[in-house]
Amino acid sequence: LIMDPSVGMKPPNFFIIGAPKCGTTSMVAWLSDHPKIFMSNPKDIYFFDTDHNTGQVKSLDQYLHIFSESDDEQLAVGEASVMYLHSQVAVKNILQFNPAAKFIVMLRNPLDMAPSFHAQQFVGGWECIEDFELAWRARNMRELRLGKVGPLCTELAFLQYENMCKVGEQVWRLLQTVDTTNVLFVLLDDIKVNPLFEYLRVLKFLGVPYEGKKHFQIQNPGMRVRSKMWHNILTRFQLFKRERLDFIKGGGALGALANLNVTQFERTSMRPELRQELLEVFSDDVLLLSTLIDRDLSHWLQ
């Protein structure tokens, strides 16, 4: 990658880099409303994530065009791609593009993140196993490139729920590259308790004044499909159009129909035996994260 922003353009100076299902969509929506902040549209561009087969934007010109409407009135220009934290190279590529870049990292208890992320992958057509426990059992097979996946899946790494949700390891890698003064950690737990306080923390980190925002609507809640039959039919049509017409999933009439076939739901509790297994898998990673961000997270393991 040759990161040389066009003369006269205001390139992004901050990045929300994940993790998925940790409140990133809500934070992006809130920041997008601020008159002094420009957020990329679409979200999840994945331009710097060159070790995963994901992004639609392939050239620097295409990437910079997304920010062409930003101007000097905006103090902060940003984008949010939730797999940047998981990527081995995205942060390094970002720093080559902008050495002064700031990073916002959204975090969550992995025991809650894993089933929530799985549900999103199923709704999105990447995962073919609707039951989380069965998908969790299949994670090692996916790592070996074995077993079935959803028809829209282009990156097996995103179905390896253990590796995806070990955010302690990912934060450790981030802090080997980026100075802590340029990183802000935001926990979903805290957003749920006091969204205004966390919003103010983000504005201060970005050097942007508070504009008086009082209402903080939650975006992208937990979803499930209404009809598995229609889910399979619509997913197949989305795959057909993406392969033949360069269709971007989620847009147009098919995207609208797919959205009608999902509904918000409260996740049921997992079997105690499965929860104990996840506790054992994630305990060391949670303790590592607790040390890295200087925050007691022991309650995540209770």
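Because the structure is predicted, anything quoted here is derived from the model rather than measured.

Calculation rules
- Residues numbered from 1 in each chain as written.
- Predicted model: local features only at pLDDT ≥ 70, side-chain atom pairs only at ≥ 80, totals over all residues.
- Heavy atoms only, no water.
- pLDDT = per-residue confidence, 0-100.
- Contact = heavy atoms within 4.5 Å.
- Salt bridge = Lys/Arg side-chain N within 4 Å of Asp/Glu carboxyl O.
- Helix = DSSP H or I, 4+ residues; strand = E, 2+ residues; numbered from the N terminus.
- Axes fitted to C-alpha atoms, helices over the stretch in contact; angles between N-to-C directions.
- Parallel < 35°, antiparallel > 145°, perpendicular 65-115°, else oblique.
- Left-handed = near helix turned anticlockwise from the far one by under 90°.
- Nonpolar A, V, L, I, M, F, W, Y, C, P; charged D, E, K, R; others polar.
- Phe/Tyr/Trp six-rings, centres within 6.5 Å; stacked < 30°, edge-to-face > 60°.
- Buried < 20%, exposed > 50% of the residue type's maximum accessible area, 1.4 Å probe, protein only.
- Pairing = 2+ DSSP bridges.

Trainee: Lay out the confidence of the model for the chain in plain terms, naming residues and giving numbers.
Mentor: Within the chain, residue pLDDT values average 85, and 79% of them lie at 70 or more. Note that pLDDT drops below 50 for residues 1–7; the model gives that stretch 16 contacts with residues more than four away or on any other chain. Scored below 50 in pLDDT, residues 243–250 makes 13 contacts in the model with residues more than four places away or belonging to other chains.

Trainee: Which residues make up the pattern of salt bridges, and what values do they have?
Mentor: With the rule as written, the count across this model stands at eleven salt bridges. Notably, a salt bridge pairs K36 with E73, separated by 3.5 Å at the nearest N-O pair. Of the two residues, K36 is situated in the loop between α1 (24–32) and β2 (37–39) and E73 in the loop between α2 (60–65) and β3 (76–80); the sequence distance between them amounts to 37 residues. One salt bridge in this structure joins R137 and E277, with 2.7 Å as the shortest N-O distance. Taken as a pair, R137 in helix α5 (residues 132–137) and E277 in helix α13 (residues 272–292) lie far apart in primary sequence, 140 residues in all. One salt-bridge network, in which partners are shared between bridges, spans E133, R137, R271, E273 and E277.

Trainee: Break down the packing of α1 against helix α10 (residues 195–206) for me, citing the residues and quoting the values.
Mentor: Where α1 contacts α10, the axes come no closer than 11 Å and their chain directions differ by 65°. In terms of orientation, α1 and α10 fall into the roughly perpendicular class. For the pair α1 and α10, the sense of crossing is right-handed. Packed against α1, whose contacting residues are M27, W30 and L31, the element α10 presents P195, Y199, V202 and L203 at the interface. Per-class residue counts for the contact of α1 with α10 are seven nonpolar, no polar and no charged.

Trainee: Let's hear about the packing of aromatic side chains: which residues, and what values?
Mentor: Scanning all chains against the criterion turns up 18 aromatic pairs. With 5.8 Å between their ring centres and 85° between their planes, F15 and F48 make a pair best called edge-to-face. Of this pair, F15 sits in strand β1 (residues 14–16) while F48 sits in the loop between β2 and α2; the two residues are 33 residues apart in sequence, bridging distant segments of the chain. Note on accessibility: F15 and F48 belong to one class, buried. Summarising the aromatic geometry, the rings of F47 and F48 are spaced 5.1 Å apart at their centres and angled 70° between planes, so their arrangement reads as edge-to-face.

Trainee: Pulling in residues and values, what's your account of the pairing of strand β4 (residues 102–107)?
Mentor: Counting buried positions along β4 yields five of six residues, so the element is predominantly enclosed. Pairing of β1 with β4 involves three bridges; the strand directions are parallel. Looking at the pairing, F14 lines up with K102 of β4. In the sheet, β4 pairs with strand β5 (residues 183–187) via five bridges, with the strands oriented parallel. When the sheet's bridge partners are listed, V105 is paired in β5 with F185.

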